[in-house]
Amino acid sequence: MARFLIGKVLVRDHADGCTSGRIVETEAYPPGDSSSHAFRGETPARRSMFLRPGHGYVYLAYGACYCFNVSSEPARIGAGILIRALEPLEGVPLMRRRRGTDKLRDLARGPGRLAAAMAIDRDLDGIDLCAKGPLWLAASAHPTGAVGASTRIGISREAHHLRRFYERGSPYVSGPRRLNGA
DNA sequence: AAGAAGATTCGCT
DNA sequence: GCGAATCTTCTTA
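Since the model is a prediction, treat every value here as computed from it, not as a measurement.

The rules behind these values
- Residues numbered from 1 in each chain as written.
- Chains lettered and ligands numbered in written order.
- Predicted model: local features only at pLDDT ≥ 70, side-chain atom pairs only at ≥ 80, totals over all residues.
- Heavy atoms only, no water.
- Helix = DSSP H or I, 4+ residues; strand = E, 2+ residues; numbered from the N terminus.
- Rg over C-alpha atoms; globule rule 2.2 N^0.38 Å.
- Buried < 20%, exposed > 50% of the residue type's maximum accessible area, 1.4 Å probe, protein only.
- Contact = heavy atoms within 4.5 Å.
- Areas by Shrake-Rupley, 256 points an atom, 1.4 Å probe, with all protein chains shown as cover.
- Lys, Arg positive; Asp, Glu negative; His and termini not counted.
- Charge placed at Lys NZ, Arg CZ, Asp CG, Glu CD.
- Near = heavy atom within 4 Å.
- Polar contact = N/O pair within 3.5 Å; in protein donor to acceptor, adjacent residues only side chain to side chain.
- Nonpolar A, V, L, I, M, F, W, Y, C, P; charged D, E, K, R; others polar.
- Core = buried A, V, L, I, M, F, W, Y, C linked by side-chain atoms within 4.5 Å.

Chemist: Just to check I follow, could you spell out the overall build of chain A for this structure?
Modeler: A count of helices and strands for chain A gives 3 helices and 8 strands. Helices and strands appear in chain A in the N-to-C order α-β-β-β-β-β-α-α-β-β-β. At 15 Å, chain A has a C-alpha radius of gyration in line with the 16 Å of a compact globule built from 182 residues. Along the three orthogonal principal directions, the C-alpha set of chain A runs to about 40 × 40 × 30 Å. Looking at chain A as a whole, 47% of its 182 residues qualify as buried. Put simply, 57% of the contacts in chain A that link residues at least 6 apart link residues at least 24 apart. Of the roughly 8,800 Å² of accessible surface on chain A, a fraction of 53% belongs to carbon and sulfur atoms. In chain A, which carries 27 positive and 17 negative side-chain charges, the distance between the mean positions of the two groups comes to 5 Å.

As structure tokens, this is what we get:
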């Protein structure tokens, strides 16, 4: 699922305007992974990870940034895919305003920045991403480049798994160069 | 009841 | 490269 989502388009319909971007970086948090928010079972805040595949799970990281995930296992099984970076497509001026920067490359490079650029917060937690609405997933009109795999960013437990996926060569991917190799 | 860690980002050195 | 900001959840007493 994490690999499948690379190249798909995330669309945000908002009163201020429409924004969208191609997904270029994801991380998998499968069942049994002790670094997953779902590892210790279902709680009110984590319930969206236990919905059937294709629902949004939004959480607040470090009290400062929202992070957006897609549920990825059948109902009652907790798992999700963290969406880490987008290549901006539609609504770039609006994204610039929300992010407070003009640098195209920095608009959605990183999960917190992505959520800010797309105006994603807890209000969108639990939403069905497979139906057109305020936030949904679409197919891309353009072919996807080669997909690379690496270890995940910013975690200490289960750190050795190759569960991060990214489009090779994309300037919109986050992370240190050594993880985004040739 | 209190403390530490966490799927981050920004500003400063 | 390093530390602060900031808040939810989990751990320990």
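Read on, since the account is not over.
Chemist: Would you mind showing me how to read the protein's contact with DNA strand C here?
Modeler: Within the structure, DNA strand C sits among Arg-40, Ala-45, Arg-46, Leu-60, Tyr-62 and Gly-63. The protein-proximal atoms of DNA strand C, defined as those within 4 Å of the protein, are 71% sugar or phosphate. The contact in question runs from a phosphate oxygen of DNA strand C to an N or O atom on the side chain of Arg-40, over 3.3 Å. In this structure, a sugar or linking oxygen belonging to DNA strand C sits 3.5 Å away from a main-chain N or O atom of Gly-63. Taken together, the residues that form the surface near DNA strand C break down as 3 nonpolar, 1 polar and 2 charged.

Chemist: Would you mind going over the nonpolar core with me for this structure?
Modeler: Membership of the largest hydrophobic core comes to 26 residues, with the highest contact counts inside it found for Leu-10, Phe-68, Ile-83, Leu-86, Leu-114, Ile-120 and Leu-135. Looking at this core, the elements with two or more residues in it are helix H1 (2-5), strand S2 (17-29), strand S4 (65-71), strand S5 (80-88), helix H2 (92-99) and helix H3 (111-117). Setting aside residues no more than four positions away along its own chain, Leu-86 makes contact with Leu-10, Gly-21, Arg-22, Ile-23, Val-24, Ala-108, Leu-114, Met-118 and Tyr-172. Ranked by size, the runner-up nonpolar core spans 9 residues in total, among them Tyr-29, Ala-38, Phe-50 and Leu-82.

Chemist: What's the story with the protein's contact with DNA strand B in this structure? I'm lost.
Modeler: Taken together, 20 residues lie around DNA strand B, and Tyr-59, Asn-69, Arg-99, Gly-112 and Arg-113 are the ones closest in. Backbone atoms, meaning sugar and phosphate, form 49% of the atoms of DNA strand B found within 4 Å of the protein. Residue Ser-35 places a main-chain N or O atom 3.3 Å away from a base nitrogen belonging to DNA strand B. One of the side-chain N or O atoms of Arg-84 is found 3.2 Å from a phosphate oxygen in DNA strand B. Residue assignment for the surface near DNA strand B shows that the elements contributing at least two residues are S4, S5 and H3. Of the residues that constitute the surface near DNA strand B, the class distribution is 10 nonpolar, 7 polar and 3 charged.

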